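Residue-level listing of the chains:
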4 protein chains.
Amino acid sequence: MTHLPEKLLTGYHNFMHGRFEVESDRYRRLAQEGQAPDTLVIACCDSRSAPETIFDAGPGELFVLRNVANLVPPYEPDGEFHATSAALEFAVQALKVKNIVVMGHGRCGGIKAALDPAMKPLSPGDFIGRWMSLLAPATEAVAGNSMMTTTERQTALERISIRYSIANLRTFPCVKILEDKGRLTIYGAWFDISTGELWVMNKETGDFERPEAG
Amino acid sequence: MTHLPEKLLTGYHNFMHGRFEVESDRYRRLAQEGQAPDTLVIACCDSRSAPETIFDAGPGELFVLRNVANLVPPYEPDGEFHATSAALEFAVQALKVKNIVVMGHGRCGGIKAALDPAMKPLSPGDFIGRWMSLLAPATEAVAGNSMMTTTERQTALERISIRYSIANLRTFPCVKILEDKGRLTIYGAWFDISTGELWVMNKETGDFERPEAG
Amino acid sequence: MTHLPEKLLTGYHNFMHGRFEVESDRYRRLAQEGQAPDTLVIACCDSRSAPETIFDAGPGELFVLRNVANLVPPYEPDGEFHATSAALEFAVQALKVKNIVVMGHGRCGGIKAALDPAMKPLSPGDFIGRWMSLLAPATEAVAGNSMMTTTERQTALERISIRYSIANLRTFPCVKILEDKGRLTIYGAWFDISTGELWVMNKETGDFERPEAG
Amino acid sequence: MTHLPEKLLTGYHNFMHGRFEVESDRYRRLAQEGQAPDTLVIACCDSRSAPETIFDAGPGELFVLRNVANLVPPYEPDGEFHATSAALEFAVQALKVKNIVVMGHGRCGGIKAALDPAMKPLSPGDFIGRWMSLLAPATEAVAGNSMMTTTERQTALERISIRYSIANLRTFPCVKILEDKGRLTIYGAWFDISTGELWVMNKETGDFERPEAG
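Quick caveat, the model's predicted, so the values are computed rather than measured. (Residues numbered from 1 in each chain as written. Chains lettered and ligands numbered in written order. Predicted model: local features only at pLDDT ≥ 70, side-chain atom pairs only at ≥ 80, totals over all residues. Heavy atoms only, no water.)

With that settled, consider the UniProt feature "binding site: Zn(2+)" (unreviewed entry) in chain A. Residue and element names in this part refer to chain A. Under the UniProt annotation, the feature "binding site: Zn(2+)" (unreviewed entry) is placed at Cys 44, Asp 46, His 105 and Cys 108. The greatest C-alpha distance among the residues just named is 8.7 Å, despite their covering 65 residues of sequence, which places them together in space. Looking at the secondary structure, you find Cys 44 in strand 1 (residues 39-44). When neighbours within four sequence positions are excluded, Cys 44 is seen to be in contact with Ser 49, Arg 66, Asn 67, Val 68, Ala 69, Asn 70, Met 103, His 105 and Cys 108. Here Cys 108 is to be found in the loop between strand 3 (99-105) and helix 5 (109-115). (UniProt positions renumbered as here; feature names shortened; annotations may be inferred. Helix = DSSP H or I, 4+ residues; strand = E, 2+ residues; numbered from the N terminus. Contact = heavy atoms within 4.5 Å.)

Right, dumping it as structure tokens:
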């Protein structure tokens, strides 16, 4: 029994007889020479915000870490397993990317769960609860703000989480040093699923603005 | 200062005036109704193996977790932050996906690092070393086989890592229970960057075979 | 009583009234002038991997040595009977072939026997056990890797055996000298019975690759 | 560098787009179910006498051992490496073939070398000399017969070698026992390259006759 869900197989055949046929030389070269992406994107697992789609990126262009709510935990060299820190270390130290983009998006399920006071653990391990607790102080402040609408609170925490991850990125010595030397640049972005708009973080103010208006 | 690397901005404009224009209704509906993907893909961060590209998937189809070497650590409800377990829990318990695909690929940098005896920590935290140590027993067995070529050892460990992650998936009670009830199916796949071929795991033997030849 | 199994007689009549009728001049010339094949193929006895079939070769083209698992023992000028060394010597020194191809194949029974820990001698002489013991060190390393599937171990040892035979070919002074002079070229190949694919050994890395993808 | 001699690659492509395309189901089945040939053919390496060609045999039909002059050495359970005995043991004990055909042919180079008084070792190891010495007593008797022509001596020794190999086959206990039980039948055959005629050994007299006249 060697099979995949029908939909994935069909999609794969579209790829092979479409994009791959056109780009086979590029794939072969990328296989032989190795990848050398300029950019690490830290994005959410959400099915509606794939970085390759939103940035119309081809093979070899983006090194992509995806977890729930695009979070970067703080630097913690404690000898434990850290999926996120490992990917970050590999991108910065081995691949020497020049850019890191933390990309959040609207209607994020992880953020919504964090803000939901009625939310119960999804399983006894409560992994989502633990994971989202990285944002706990910000979550409390936002959740307690009864003057904002539900949507406003959601968007607020989505954007706070991007700034929080960017702040944590800088707790990694390798990131800090390279950024200070001007060899690494950090960006924030927020994707609006409904309108397709990409809002980019202003480095000085932390505000999210549309690039056209930048 | 509100900017993104030129290449990303250009890519985003292509998206907005191309795919998004065609699919704006779909995006709007996905925003209003929420995502309901059938499939969780656990893939590598590698820039050459984006699941959306390989499966030609549109918005809303794939919930995608990406970490180095597409690893799933074993179930460990210890109260720590677990990016991978959190994404898994969210996909299975909140989104109720029907399929989980663990997708590895050829020439994986994480696997290569694990097999390289001369590899030194990339940073004092040695996050990659710690992360890849999840595969330590298999790595030792493969690395010690001097009769296999470097590429053969690499491919062997890449495929072992997929089976290892699948075995660990089943240590999560929610996965085990739903799989036993027939409501969740687990797949393994390995993408050959050079040829574009997707090798699919045979559920009975664990071997990787091309679907055509299954 | 002069007979052959019915099936062989039928096959022979097909040959006589088919191929031989078309190629009778060629056979007559080959009889008068002697054979002058360019290539020695060292292949397995397996009924599914006849070199003449796979290379669509006509009479006079391939000098073919076949033994279990296409093994070449190391050079051992000890005065004993050596079927393999004799054929090799004849091909290289008397026929002056320009190419030697060591061709293994998938699902090889000799390799399978070597890897089977429960395998008992097939007869008191244990000729298969002795013959396959030529590969003993590699067999141990592969057999001990419990993270690989049965098929993966099998394929690994099949390919190791080809490289092993090629290394042993070079222990024969006549082979070594002619190869160094550029008058003899050595190739490795592995035939996949199931898919019909021929994987060719990359001379520099020892990896097996499909020629199309080389 | 992954290549094969041009001629072999062309032949392989003919196979893939010809015979394999037609017989792919058969190959796949043979891969899945394993080989189960009825017949072991012990033939010469000569490029002009491939058993699959002469018997128009498809994949899975003939288990084929080929060495110089199609010789079977006597049973010698001495713990050494014996290519021929190993193949014989595998065919009889593991595959349980029903027939063994020893097939010699005209103008055999090994036989010619054995009969040539001026023949010098082809290499210091003298592997051909050693191998053909299996026939030494018969060779002396034939070579010393000055009343026969060169061609007659050659044909005579070729046929003697077939009967000699058949006699040695019977020194293997497994062959002897199965033949006595009627579960294994042994045949001799001699192929005339020039005319395409196959001469079959009469079991009672040892003479070689054409089957039509049998």
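Expressed as a screw transformation, the operator carrying chain A onto chain B has a rotation angle of 180° and an axial translation of 0.0 Å, and the superposed copies differ by an RMSD of 0.2 Å. Here the transformation between the copies is reduced to the relation of a two-fold axis. Of every C-alpha in chain A, the one belonging to Arg 66 of chain A sits nearest the axis of rotation, 2.4 Å from it. Here 100% of the contact residues of chain A are again contact residues in chain B; the copies associate through an equivalent surface. (Least-squares fit on C-alpha atoms with pLDDT ≥ 70 in both.)

Turning next to the packing of helix 4 (residues 83-94) of chain C against helix 9 (residues 173-180) of chain C. Residue and element names in this part refer to chain C. Where helix 4 contacts helix 9, the two axes come as close as 10 Å, and the packing angle between them is 35°. With respect to the hand of their crossing, helix 4 and helix 9 are arranged in left-handed fashion. Between helix 4 and helix 9, the contacting residues are Leu 88, Val 92 and Gln 93 on the first element and Cys 174, Val 175 and Leu 178 on the second. Residue classes in the contact of helix 4 with helix 9 are distributed as 5 nonpolar, 1 polar and no charged. (Axes fitted to C-alpha atoms, helices over the stretch in contact; angles between N-to-C directions. Left-handed = near helix turned anticlockwise from the far one by under 90°. Nonpolar A, V, L, I, M, F, W, Y, C, P; charged D, E, K, R; others polar.)

This next bit is on empty space enclosed by the protein. Within the structure shown, the criterion is met by 12 cavities of 30 Å³ or more. Lining the largest cavity we find 15 residues, and of these Phe 81 and Ala 83 of chain C together with Phe 81, His 82 and Ala 83 of chain D sit closest to its centre. At the level of secondary structure, the elements contributing two or more residues to the lining of the largest cavity comprise helix 4 of chain C together with helix 4 (83-94) of chain D. The class makeup of the residues in the lining of the largest cavity is 8 nonpolar, 6 polar and 1 charged. Reported here for the second largest cavity is a volume of approximately 80 Å³. Contributing to the lining of the second largest cavity are Glu 76, Asp 78, Glu 80, Phe 81 and His 82 of chain C together with Glu 76, Glu 80, Phe 81 and His 82 of chain D. Here the residues of the lining of the second largest cavity sort into 2 nonpolar, 2 polar and 5 charged. (1 Å grid on protein atoms, 1.4 Å probe; cavity = no way out; pocket = protein on both sides within 12 Å on 5 of 7 lines; lining within 4 Å. Points joined across faces, edges and corners; volume = space filled by probe spheres on them.)

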